[in-house]
Amino acid sequence: MTAPRSRATPSAVDRGLEVLAATQDAGGSWKGDYGGPLFLVPVYVAGLELLGRPPDPATREGFITYLRGHQNPDGGWGLDVESHSHVFTSVLVYATLRLLGVPAEDPQLQRARAWFLPHGGPLSSGSWGKFILAMLGLYEYQGLVPLPPELWLLPESLPLHPSKLWCHCRMVYLPMSWLYGRRVRAKQTPLLAAIRSEIYAQPYESVDWPAARERVAGTDAYTPRTSYLRAANGVLGLWERFAPAGARERSLQMVLDQIRREDEATNHICIGPINKVLNTVVWQIARPGGPEVEAHVKRLPDYLWRAPDGLKMQGYNSSELWDTAFAVQGILATRGVERMRPVLERAAHYIESNQVLEDVAEMEKGYRHRSRGGWPFSTRAHGWPISDCTAEGLKASLLLEKVGMNQVPRARLREAVEEILSLQNEDGGWATYELQRGPKWLEALNPSDVFSTIMVDVSYVECTSACVQALAAWRTFAPEDEAWLREPIRRGERFIRKVQRADGSWEGSWGVCFSYGAWFGTAGLVAAGARPDDPALRRAADYLQARQRSDGSWSETLESNRQRRWVDGQRGHAVQTSWAVLSLAACGRRDSEAVRRGVVWLREHQGEDGRWPDQPITGVFNRTCAIHYDIYLRLFPVWALAVCGTAS
Ligand code: LAN
């Protein structure tokens, strides 16, 4: 096939740029749908039930449309909109639709029961589902693995102290332990009683609750419960029976204090969707009708997104900073810079006005790392900076600086460098929000069933690469800092080399999967100074080339993340093809036949409207759950065509 290069390439990129320009928000970001997980709307609706504030009709209808539309053909609901059915989400979605007013005789609900009852119903749900049901009074607390708040009373130096956990895990279990400690339960209504009678295969009164603690359906058991976890649960169970009342009160106070710190540090947005809802419920019980509840309720809709498939609760309050920083880099890789000037200026403004400028008040008391100079994933108001978001914010700013459009003062850029350096782990890599605090073996105590790698914030190739790239960019910008940065960059590079697998691949953790990992692995090494003849880059390129499809594309599915090996998708994927093409270019193979074929495929699959047709989700977390990055499909192909489109 002869590729119509010189004329078609600019127009493909131009059309892609037009789409990007047209979809930018007035505030300068690209605000998009950050949906995917299916357990979030149920958590939201459960929260409203406990607050005694039923959703307004538009919200109710929106949620119903969304949940109805994502039922699997077998009658269940997946962990996310693309996954196989889980008992966890199927039971929760069922209860949610009922709470939203759908009758039990509804055919979709009948099919749901026909799926989850034989799978064990609530008794076999992944553990978080049991917790939400217990809060609603649809499950007994005795049937939960104990979550005593007294864990917060342990000496801080112990690896088991909750402050050692990955911040997302810590922030979910924090309000859970408070609610557990108080055995909080929604006011029981006839509707809840009806739901309770519908979701069990046996009479509720006859359930053996302690036995149900250890039950989990195969569909939900991604992370096996280890013997260490069972032993720990046994100890916690004993504690729960004999704990002195004083310890409970004291620990509940400590937990509430931590919750308050999190609320205040995030302007009541909270780090994520789950603790957002659970913290709200905690305050509703701790101080009914108090100012905390009001402050929380105002921010609940921050997580909602209305899309063609209905109204959803998103995985974060947005992905704006992340998407905007990438959009800037992608646009600047094209030759459309002048034409895109107003777009870039608005984006530069967004980046400037969302850098975090201050540390959290009394940060040590809230177990918080420093924040000053960092960038968050979404907005400054959210406030939690992340290593790689800081790095992408800094990279984008330095590229904007080159074309005279950066708006972040130099001193603040330098603070971003300091923030990045403060987050480098002893192994040379970077984790997400914090330094690695706990030992890796803590993962053996992961009680979530459905998620993996949630216990400890460990170094990732993606975060490490982004930080190395940012430090290297700063070194070019401020050569006087060379001596300061040389060693951190070298250590980062060493980490990237260490985690490359023998076959040349890198396992991605936040995108699907090895094509995403390759994009970071290769870019990180190149930024650190690796040359195309470097064996690591050669192996990486060979690995990718061996996975190119006969039509020139690349494609892998979320099974790659779940199974930790490349699993081919059914059809070529524009985002993964872009990552692969960009990686090969980074390896010095921009002019290869493989890249040429990838570019042709990308061009051929661009629609008349400049977009690429919808494709499976390419974002992921904790190895199992898909999460949608709305801009990826509009951005990465344009970026790849800009970098590689004129290859000959
Ligand atoms: C995110 C979103 C951003 C993402 C990147 C910055 C892209 C990544 O490079 C590092 C990890 C991070 C920060 C990340 C971690 C896990 C999150 C927070 C999410 C995928 C968004 C939602 C997810 C969160 C854990 C969802 C709630 C579920 C739990 C298991 C607590």
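What you see is a predicted model, and the numbers here were worked out from it, not measured in a lab. All residue numbers refer to positions counted from 1 along the written sequence of the respective chain. For a predicted model such as this one, the threshold for reporting local features is a pLDDT of at least 70, and the threshold for listing and counting side-chain atom pairs is 80 or more; totals across whole chains, interfaces and linings nevertheless cover every residue. As a convention, hydrogens and water are excluded, and side-chain values are obtained from all of the structure's heavy atoms.

Topic: the site of the ligand
Working step 1: With respect to spatial proximity, 19 residues lie near the ligand, and among them Y34, H168, G315, F377 and D388 are the closest.
Working step 2: In short, Shrake-Rupley with a 1.4 Å probe defines the accessible areas, and a residue's cover is counted only from the protein chains shown. In the complex, the protein chains occlude 99% of the 620 Å² of accessible area that the ligand would expose alone.
Working step 3: At a threshold of 2 Å from the grid points, most atoms of the ligand map onto the largest cavity.
Working step 4: Elements that contribute at least two residues to the shell around the ligand include exactly α7 (167–181) and α16 (387–402).
Working step 5: Polarity classes work like this: nonpolar for Ala, Val, Leu, Ile, Met, Phe, Trp, Tyr, Cys and Pro, charged for Asp, Glu, Lys and Arg, and polar for all others, with Gly in that last group. Grouping the amino acids of the shell around the ligand by side-chain chemistry returns 14 nonpolar, four polar and one charged. A molecule or strand has a residue near it when one of that residue's heavy atoms lies within 4 Å. Any residue with an atom within 4 Å of a point lines the site, the site being either a cavity, points on a 1 Å grid over the protein atoms alone where a 1.4 Å probe fits but cannot get out, or a pocket, an open set with protein on both sides within 12 Å along at least 5 of 7 lines. Criterion for pocket placement: a molecule counts as inside a cavity or pocket if more than half of its atoms are within 2 Å of its grid points. Starting at the N terminus, helices and strands are each numbered in turn, a helix being any DSSP run of H or I of at least four residues and a strand any DSSP run of E of at least two.

Some details on the packing of helix α21 (residues 535–546) against helix α23 (residues 574–586)
Working step 1: Closest axis-to-axis distance for the α21/α23 pair is 9 Å, and the angle between their directions is 150°. One way to sum up the angle between α21 and α23 is to call them roughly antiparallel. As for the relative orientation of α21 and α23, their crossing is left-handed in sense. Between α21 and α23, the residues in contact are L537, A541, L544 and Q545 and A580, S583, L584 and A586, respectively.
Working step 2: Here the contact of α21 with α23 is composed, by residue class, of six nonpolar, two polar and no charged. All axes here are fitted lines through C-alpha atoms, helices being fitted over the stretch that makes contact, and every angle between N-to-C directions spans 0 to 180 degrees. Comment on the angle field: the value is read as roughly parallel under 35 degrees, roughly antiparallel over 145, roughly perpendicular from 65 to 115, and oblique elsewhere. Working rule for handedness: look at the near helix, and if it is turned counterclockwise from the far one by less than a right angle, call the crossing left-handed; if clockwise, right-handed. The contact definition used throughout considers only heavy atoms, calling two residues in contact when any of these lie within 4.5 Å.

Brief notes about empty space enclosed by the protein
Working step 1: Grid points are joined across faces, edges and corners, and a volume is the space filled by probe spheres set on the points. Across all of its chains, the model carries seven cavities of 30 Å³ or more by this definition.
Working step 2: When its volume is computed, the largest cavity comes out at roughly 630 Å³.
Working step 3: Lining the largest cavity we find 35 residues, and of these W166, H168, Y316, W510 and F621 sit closest to its centre.
Working step 4: When the residues that make up the lining of the largest cavity are grouped by side-chain class, the tally is 28 nonpolar, six polar and one charged.

Let's talk about the environment of Y139
Working step 1: Considering the arrangement of structural elements, one finds Y139 in the loop between α6 (127–136) and α7.
Working step 2: The class for Y139 is buried, based on a relative accessible area of 0%.
Working step 3: Contacts of Y139, omitting those with residues within four sequence positions, involve P122, L123, K130, L133, A134, L144, R185, Y200, Y204, W209 and A212.
Working step 4: Here a polar contact is recorded for every N or O atom pair within 3.5 Å, except that within protein the pair must consist of a potential hydrogen donor and a potential acceptor, and residues adjacent in sequence are included only if both atoms are side-chain atoms. Among the polar contacts made by the side chain of Y139, one reaches the main-chain carbonyl oxygen of G143 at a distance of 2.9 Å. Relative accessible area decides the class of each residue, using a 1.4 Å probe on protein chains only: under 20% of the type maximum gives buried, over 50% gives exposed, and in between gives partly exposed.

Here we look at the pairing of strand β4 (residues 310–313)
Walk down a regular strand and you will see the side chains alternate between the two sheet faces.
Working step 1: Relative to β4, strand β3 (residues 304–307) runs antiparallel, the two being bridged by four bridges. Bridge pairing links W305 to K312 in β4.
Working step 2: The antiparallel hairpin formed by β3 and β4 contains two residues in its connecting segment. Should DSSP find at least two bridges between two strands, the strands are taken to pair.

A word on the packing of helix α20 (residues 514–527) against α21
Working step 1: It is at 10 Å that the axes of α20 and α21 come closest, and there the two elements cross at 155°. Relative to α21, α20 is oriented roughly antiparallel. In the crossing of α20 with α21, the sense of the turn from one axis to the other is left-handed. Of the residues in α21, those touching α20 at F514, A518, T522, L525 and V526 are A536, L537, A540, Y543 and L544.
Working step 2: A class-by-class count of the residues in the contact of α20 with α21 yields nine nonpolar, one polar and no charged.

Looking at the packing of aromatic side chains
Working step 1: Only Phe, Tyr and Trp rings take part, Trp by its six-membered ring, and two of them pair if their centres are within 6.5 Å. Stacked means planes under 30 degrees apart, edge-to-face means over 60, and tilted covers everything else. This structure, assessed with the given rule, holds 39 aromatic pairs.
Working step 2: Between W166 and W510 the ring centres are 6.1 Å apart and the planes differ by 40°, which places this aromatic pair in the tilted class. Taken together, the residues W166 in the loop between α6 and α7 and W510 in the loop between α19 (482–499) and α20 connect sequence positions 344 residues apart. Here W166 and W510 have matching classes, each one buried.
Working step 3: Their ring planes at 85° and their centres at 5.7 Å tell us that W384 and Y433 sit as a pair that is edge-to-face. Separated by 49 residues along the polypeptide, W384 in the loop between α15 (341–353) and α16 and Y433 in the loop between α17 (410–422) and α18 (461–477) bring together distant segments of the chain. Both residues of the pair, W384 and Y433, count as buried.
Working step 4: Any Lys NZ or Arg CZ that is within 6 Å of a ring centre and within 35 degrees of that ring's normal is treated as a charge sitting over the ring. The ring of Y204 has R196 sitting right over it, with the charged end atom 4.0 Å from the ring centre.

Overview of helix α3 (residues 57–69)
Working step 1: Expected span, for any helix, means 1.5 Å times one less than how many residues it has. Along its 13 residues, α3 runs 18 Å from first to last C-alpha, staying within 8% of the 18 Å computed at 1.5 Å per residue.
Working step 2: Among all positions of α3, only T59, G62, F63, I64, Y66 and L67 are buried.
Working step 3: Two or three places before A58, at the opening of α3, D56 has a side-chain oxygen 3.1 Å from that residue's backbone nitrogen.

Concerning the nonpolar core
Working step 1: Formed by 210 residues in total, the largest nonpolar core has its most connected members in L394 and Y632.
Working step 2: The dominant element in this core, judged by the number of residues it contributes, is α7, at ten residues.
Working step 3: For Y632, the contacting residues outside a window of four places in its chain are W322, D323, F326, Y516, V575, W579, T618 and P637. Remark: nonpolar core denotes a set of buried residues (Ala, Val, Leu, Ile, Met, Phe, Trp, Tyr, Cys) joined through side-chain atoms within 4.5 Å.

A few points about the confidence of the model for the protein chain
Working step 1: Here the protein chain shows a mean pLDDT of 96. Residues at 70 or above account for 98%.
Working step 2: pLDDT measures the predictor's confidence residue by residue and takes values from 0 up to 100. Note on residues 1–9: pLDDT under 50 across the span, and 19 contacts to partners over four residues away in sequence or across chains.

Quick word on unusual backbone geometry
Working step 1: The backbone of T453 shows a phi angle near 45°, a positive value even though the residue is not glycine.
Working step 2: Tracing the backbone through its elements, the reader meets T453 in the loop between α17 and α18.
Working step 3: Positioned with a positive phi, R564 is a non-glycine residue whose angle comes to about 60°.
Working step 4: Relative to the helices and strands, R564 resides in the loop between α22 (559–563) and α23.
Working step 5: The class for R564 is partly exposed, based on a relative accessible area of 36%.

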